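One letter stands for each residue in the lines below.
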Amino acid sequence: MATSEDYKRQIMKDLAKGDVESLDDTTAESTAEYQNFDDFAQRTTPDQRRHLFGRSLHPDHIPTSQMEPELQQAIAQIKPNERDDVARAFFKHLKERKLDDKHLEQQLGLSTHHASRMSADDVSKLASFVYHNHPDIFREVLAEQPGIIKFLSNPVVAGILGIAAAKWLGGRK
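Keep in mind that what you see is a predicted model, and the values were worked out from it rather than measured. Chains are numbered independently. Their residues run from 1 in the order of the written sequence. Where local features are concerned, this predicted model is filtered to residues with pLDDT of at least 70; where side-chain atom pairs are given and counted, the filter is 80 or more; whole-chain, interface and lining totals use all residues. By convention in this description, side-chain values take in all heavy atoms of the structure and omit both hydrogens and water.

**Let's talk about the nonpolar core**
As a rule of thumb, soluble globular proteins bury nonpolar side chains together.
Move 1: Among the buried residues, those of types Ala, Val, Leu, Ile, Met, Phe, Trp, Tyr and Cys that are joined through side-chain atoms within 4.5 Å form a nonpolar core. Note on exposure labels: buried denotes an accessible area under 20% of the residue type's maximum, exposed denotes more than 50%, and partly exposed covers the range between, all computed with a 1.4 Å probe on protein chains only. Ranked by size, the top nonpolar core spans 31 residues in total, and within it Leu-71, Phe-90, Leu-126, Val-130, Phe-138 and Ile-148 carry the most contacts.
Move 2: Labels follow the DSSP assignment, with helices taken as runs of H or I lasting at least four residues and strands as runs of E lasting at least two, numbered in each case from the N terminus. Contributing elements (two or more residues each) for this core: helix H4 (64-77), helix H5 (80-96), helix H6 (101-108), helix H7 (120-133) and helix H8 (135-144).
Move 3: With seven residues, the single largest contributor to this core is H7.
Move 4: Contacts are residue-level and defined by heavy atoms, with any inter-residue pair within 4.5 Å sufficient. Once residues lying within four places of it in the same chain are set aside, the contact partners of Ile-148 are Leu-71, Ala-74, Ile-75, Ile-78 and Leu-142.

Written as structure tokens, this is what we have:
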């Protein structure tokens, strides 16, 4: 039996190749070939990724209880500057909804409200809060900052992303 890491690796490999064999109306030749997830993240636009994630990343599809440990693990693995960017993006979007970063610091038990000084644990708490309470912001930030996605290992998460990617890649002609 394959491990969740093997499953994730296979989905990301298929995504990187543009493998859409499961779609009847599309051939692999009609899609772009991506070398790996980083190549996919660099060559797609935030709008394309926004469309790709659609409503897939939502607490109705992946329960918070499954997503929180995934976020903790993924955020711990991204580069500190990418983690800062993710935190900044969350705060920016939350501020647009009149949610104050200082209030969020207190409410979530963060060590600081300054994105550049936040620990991986702080960013994980913020990401979990946003995922559960503002899934649209969560998807938006992942579209803007896709680096975190490659570290999500849960087979359910990887499967949803793989299905969404196949649909998006299959829709490109």
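**Some thoughts on the side chain of Ser-124**
Move 1: Here Ser-124 lies in helix H7.
Move 2: Residue classification places Ser-124 among the buried positions, given a relative accessible area of 3%.
Move 3: Residues in contact with Ser-124, not counting those within four places in the same chain, are Leu-71, Gln-72 and Ile-75.

**Concerning the confidence of the model for the protein**
Move 1: pLDDT runs from 0 to 100 and stands for how confident the predictor is about each residue. Scored by pLDDT, the protein comes out at a mean of 75, with 57% of its residues at no less than 70.
Move 2: Every residue in residues 20-31 is under pLDDT 50, and counting partners more than four places away or in other chains gives 20 contacts.

**Considerations on H8**
Think of an α-helix as turning once every 3.6 residues; residues three or four places apart then point the same way.
Move 1: For H8, a buried count of eight out of 10 residues is recorded, marking the element as mostly surrounded by other parts of the structure.
Move 2: The complete set of buried residues in H8 reads Pro-135, Ile-137, Phe-138, Arg-139, Glu-140, Val-141, Leu-142 and Ala-143.

**Remarks on the packing of H5 against H8**
Move 1: Relative orientation of the contacting elements H5 and H8 amounts to 140°, with a least axis distance of 10 Å. Comparing their axes, H8 and H5 come out oblique. In this structure, the crossing between H5 and H8 has a hand that is right-handed. Mapping the contact onto sequence places Val-86, Ala-89, Phe-90, Lys-92, His-93 and Leu-94 in H5 and Ile-137, Phe-138, Glu-140, Val-141 and Glu-144 in H8. Each axis is a line fitted through C-alpha atoms, taken for helices only over the stretch in contact, and angles between the N-to-C directions span 0 to 180 degrees. When describing relative orientation, an angle under 35 degrees is termed roughly parallel and one over 145 degrees roughly antiparallel, while 65 to 115 degrees is termed roughly perpendicular and anything else oblique. Left-handed describes a crossing whose near helix is turned anticlockwise from the far helix by less than a right angle; the clockwise case is right-handed.

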